[in-house]
Amino acid sequence: MKTICVCLLGAMLPVTSAVFAQIPPVNNPQDATANKMAAATTSTGVRKILRIPKIERAPVLEDFANLEPSNTFALTMGHADGFTQRNPTDGAAASQRTDAYLGYDSSNVYVVFLCHDDHANLIRSQLTKRETADTDDTVTVIFDTYQDQRRGYVFGSNPIGIQQEGLYSEDSGVDLSWDTVWNTDGKRTDNGYIVIMSIPFRSLRFSHDDLQKWGIVLHRNIPRNNEDDYWPYVNAKINGRLNQEAWMNGLEHISPGRNIELNPYGIWRADRSLNNIDTPAHFEGEQLGGRVGADAKFVIKDSLVLDLTVKPDFSQVESDEPQITVNQRFPVFFPEKRPFFLENSNYFNTPGYTLLYTRNIVDPEYGARLTGKLGKWSLGALFANDKSPGEVVPVTDPEFGKKAQFYVARVAYDVFNRSTIGVMYTDREFDGSWNRVGGVDGNFRWKKNYFANFQVLESSTRDLQGNYFAGPAINLYAGYSSQKFQANSLYQDNSNGLNTSEVGFFARPDYRRFSNFIDYYWRPKNSFIVAFGPNFFEGTNWDHEGVRLDYQINPGWHFEFKHSTFLNFSYNAARSALRPKDYSTLTDVRDYANGGRSIYFETNYFKKLNFWVQGVWGDTPNVIPASGPPAQGFERLYNANLTVKPLTQLQITTTYLADWWEDAVLRNHTLYNLHVVRSKWNYQINKEMSVRFIGQYNTTQSHPELVALDPSKGFNYDFLFTYLIHPGTALYVGYNTNLSTLDPALIQGPNGLVQRPTQFINDGRQVFVKLSYLFRF
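Residues numbered from 1 in each chain as written. Predicted model: local features only at pLDDT ≥ 70, side-chain atom pairs only at ≥ 80, totals over all residues. Heavy atoms only, no water.

Looking only at helices and strands, one finds 1 helix and 41 strands in the protein. Carbon and sulfur atoms make up 57% of the accessible area of the protein, which totals about 32,500 Å². (Helix = DSSP H or I, 4+ residues; strand = E, 2+ residues; numbered from the N terminus. Areas by Shrake-Rupley, 256 points an atom, 1.4 Å probe, with all protein chains shown as cover.)

Our next topic: the side chain of Thr358. Its place among the elements puts Thr358 in the loop between β18 (304-310) and β19 (366-374). Here Thr358 falls in the buried class, since its relative accessible area comes to 10%. (Buried < 20%, exposed > 50% of the residue type's maximum accessible area, 1.4 Å probe, protein only.)

Turning our eyes to something else, we now look at the nonpolar core. Of all hydrophobic cores here, the largest spans 37 residues; its most connected members are Phe143, Phe155, Met197 and Leu218. With 20 residues, the next largest nonpolar core counts Phe340, Ala384, Phe430 and Val437 among its residues. (Core = buried A, V, L, I, M, F, W, Y, C linked by side-chain atoms within 4.5 Å.)

The subject of this paragraph is the pairing of strand β28 (residues 529-542). Within β28, 10 of the 14 residues are buried, leaving the element largely enclosed by the surrounding structure. Note: strand β27 (residues 511-520) against β28, 8 bridges, orientation antiparallel. Within the sheet, the bridge partner assigned to Asp519 lies in β28 and is Asn535. Inspection of the sheet shows β28 paired to strand β29 (residues 548-561) by 13 bridges, in the antiparallel sense. Bridge pairing in β29 places Phe536 opposite Pro555. Between β28 and β29, which pair antiparallel and follow one another directly, the connecting turn spans 5 residues, one of which, Gly546, has a positive phi of 90°. (Pairing = 2+ DSSP bridges.)

Once that is clear, we can look at the packing of aromatic side chains. For the coordinates displayed, the defined rule picks out 35 aromatic pairs. Pairing Phe532 with Phe559 gives two aromatic rings, centres 6.3 Å apart and planes at 15°, and the pair type is stacked. One end of the pair, Phe532, is in strand β28; the other, Phe559, is in strand β29, and 27 residues separate them in sequence. Put simply, the rings of Tyr520, Trp522, Phe528, Phe532, Trp557, Phe559 and Phe561 pair up and form one aromatic cluster. If you follow Arg57 out to its NZ or CZ, it ends over the ring of Phe73, 3.9 Å from the centre. One cation-aromatic arrangement involves Arg436 over Trp434; the distance from NZ or CZ to the ring centre is 4.1 Å. (Phe/Tyr/Trp six-rings, centres within 6.5 Å; stacked < 30°, edge-to-face > 60°. Lys NZ or Arg CZ within 6 Å of the ring centre and 35° of its normal.)

Further remarks concern the sheet that holds strand β6 (residues 108-116). Spatial ordering of the open sheet is given by β3-β5-β6-β12-β11, a layout of 5 strands whose pairing is antiparallel. Both edges of this open sheet fall to β3 (78-80) and β11 (183-189), since each of them pairs with a single strand only. With strand direction ignored, the average angle separating the axes of adjacent strands in the sheet is 15°. Where β3 and strand β5 (residues 98-104) come together, 3 bridges link them in antiparallel fashion. Residue pairing across strands places Ala80 opposite Ala100, the latter belonging to β5. (Axes fitted to C-alpha atoms, helices over the stretch in contact; angles between N-to-C directions.)

Time to look at the environment of Thr585. Mapped onto the fold, Thr585 is located in the loop between β30 (565-578) and β31 (590-593). Looking at Thr585, the relative accessible area reads 43%, which means it is partly exposed. Once residues within four sequence positions are removed from consideration, Thr585 is found in contact with Gly628, Pro629 and Pro630. A polar atom in the side chain of Thr585 sits 3.4 Å from the backbone oxygen of Gly628. (Contact = heavy atoms within 4.5 Å. Polar contact = N/O pair within 3.5 Å; in protein donor to acceptor, adjacent residues only side chain to side chain.)

Next up on the list: the environment of Val616. Considering the arrangement of structural elements, one finds Val616 in strand β33 (residues 609-622). Overall, Val616 belongs to the buried group, its relative accessible area being 1%. When the C-alpha positions of Val616 and Asp659 are compared, they lie 9.5 Å apart, and in sequence the two are 43 residues distant.

With an omega dihedral of 0°, the bond running from Asn87 to Pro88 counts as a cis peptide bond. One non-glycine residue with positive phi stands out, namely Leu67, at about 60°. Note that Leu67 resides in the loop between β2 (45-51) and α1 (72-75).

This paragraph deals with the pattern of salt bridges. The full count for this structure, using the stated rule, is 35 salt bridges. A salt bridge links Glu68 to Arg97, with the shortest nitrogen-to-oxygen separation between them at 3.2 Å. Taken as a pair, Glu68 in the loop between β2 and α1 and Arg97 in the loop between β4 (84-87) and β5 lie far apart in primary sequence, 29 residues in all. With relative accessibility at 43%, the residue Arg97 sits in the partly exposed group. If you follow the salt bridges from partner to partner, you end up with Asp510, Asp543, Arg579, Lys581 and Asp582 in one network. (Salt bridge = Lys/Arg side-chain N within 4 Å of Asp/Glu carboxyl O.)

Our next topic: the pairing of strand β22 (residues 419-430). Across 11 bridges, strand β21 (residues 404-415) lies against β22 in antiparallel orientation. Each residue of the ladder has a partner; that of Tyr407, found in β22, is Asp427. Remark: 3 residues form the turn of the hairpin made by β21 and β22, two consecutive strands paired antiparallel; Phe416 in that turn has positive phi of roughly 55°. Of the strand pairs in this sheet, β22 and strand β23 (residues 433-446) are connected by 11 bridges, and their pairing is antiparallel. The residue bridging Met424 from the neighbouring strand is Gly439, located in β23. Counting the residues between successive antiparallel strands, the hairpin from β22 to β23 contains 2 residues, one of them, Asp431, with a positive phi of roughly 50°.

Mapped onto the fold, Asp144 is located in strand β7 (residues 138-144). Here Asp144 occupies a buried position and makes no salt bridge, while the nearest side chain of opposite charge, Lys373, is found at 6.8 Å. Within the structure, Asp144 has its side chain in polar contact with the backbone nitrogen of Gln149 (distance 2.8 Å). If sequence neighbours within four positions are ignored, Asp144 has contacts with Gln149, Arg150, Arg151, Gly152, Trp214, Gly215, Leu242 and Glu245. (Lys, Arg positive; Asp, Glu negative; His and termini not counted.)

Here we come to the environment of Tyr773. Mapped onto the elements of the fold, Tyr773 is located in the loop between β40 (761-772) and β41 (775-776). Among the residues examined, Tyr773 registers a relative accessible area of 45% and is labelled partly exposed. Residue contacts for Tyr773: discarding those within four places in its chain leaves Leu262, Asn263, Pro264, Gly728 and Thr729.

Scored by pLDDT, the protein has a mean of 86; 88% of the residues are at 70 or more. Segment residues 1-37 is flagged for pLDDT under 50; beyond a separation of four residues in sequence, or across chains, it makes 175 contacts in the model. In the predicted structure, residues 39-44 sits below a pLDDT of 50 and forms 15 contacts with residues beyond four places in sequence or in another chain. (pLDDT = per-residue confidence, 0-100.)

And the structure:
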């Protein structure tokens, strides 16, 4: 499970990771005065040009003693200084001095950050797992290796070298799930900190030209000041990120080499689980078993990447965060975490619809994926099978043991300055059934603040019963974005026969939508309030017979305070119509109230503590009544998260989620209430070794005469020891167990007694040891 779905009541959502918070654009009016820098005139103003030299060896911390170049070697590196604020005061000089030094050799590109601080004791740094230093001080570099102002590689570090990397796309933002091999070294000093990044060329994709021209953006985040400093200046008044990058020249005759990666693994485990698919239900498992598998990667012409996997295993992947899935009208989105699907995943993104949702590929035996860029062409192709459809049916079912096949292809072409057009095709085949989707799309940006995109597609489906349905869809979106003012409009039209949910994510069929959004922020100077202002959303949905399905008016107000503290309010006045075609218990279209209020608060005021809480309450239809048609309900949904860092090496994150439903007429009649408590403890022994514990308790108490939901309780916990040298080379030792109450009719107890609903039974457990090693040739 993942973050809570609260869109029905219009709640505000938490902010994203601080390491990549704001990775903005490049319009720098400043004169180019730094060493090895020049300037070029562009359509957005003055663009910095940084030339980096080839150096004789890798830089080390001793080359920059006291946050200054301490020898002749350090002075030979390319130098960038004069960082400028984007937040909280756009265009102001950075409150703390930052210098960056860059160079390269035949294998790596090096970035050195020297971060001065007048209050070094207030710097935030935690010895934690890679990719979890979200609230620390951080430094970041973005490399646009094709200088196309569309995609970039993002590398970030906290002051002591804890890494986080991602893929950036102008169309979809930052994807933090991508991992690669690179090195960092960091050290705090009496007057700031130093970070040295060493990024292998074989971890990047770029053209095979002898003379390379890359784009670059450097970023420093100071969370106690809500401060984001950039080189070059990333103007908040301009929409976009990489369109404001600096140009980095000087890279000559570089190559990732043959760049072949082989990543075999072996796993040994014993497990036991409840099989409640077959009749009678029974436990099954193995005393001790093992399996081996492998991933492989081949880089073609320095820019195309062929990924192969055979018998992938994802035992070490952390479970999803708690998320409400009960009494939802539509599916809930869970992000991908499995390594095979992550690299260059943004090559499959399209602007209107999610046509590839890899969580649909539940249990692959093998897969292949080709991604990359050739000139102005971006390419993506994926093939995989999936065992799960043949595993979730009884052995007597004709589909038992059969496998689904997935085929995906995506091609996009760069046009104009920062725009693209593309086509995409997806296909899932299973036991004579299929779902095929194809379409064309475009993404356009012009001037400094305007953007628009479109997507047109057609789907065709034959289900397992031989029924055929098909239909088109269209999505149109346009808007304006600047630091203080944003506005956009959306029109979407999905035919009755549309089906994108077997390869992609669910798109509602027989649905037309027109919606508009606007917000405005004031940014007072010299105030504890960094920004504040109103926002307003309104939208109407219809079906193709003219029935108004949903209507929503959602005003809100946003505050941002110093010390990374946020407060949001919103009110949602909404109505929804449910139809007999959606709910068979209805005999005609019925109208329901579907609105309410929400509040969100988050603070990072304290170095050792992060806290956020969200509350949503209001009218909404209950679509799981015990009998009869959906009924009007009243929901109170609360979610809170507390992260405490009592020790430099220990991080404790506790999440609480509560969902109360009442009858809207008889407000003292509870339909059900659901509670989830999840606590994650991570102790970092050093940068490579960690021990993690996760415990989760959930309970559902329901009124069986009013709602079709059984009472239940469950408790899950897992332990994981990790020795991670770098992504791909790791040792994992883990134990997981799950206790739950079961339906009394489902299974007998250990002595032949029927299990009672109030009793816990261990319905699944496993212990495993997994070893993987990454070979790079």
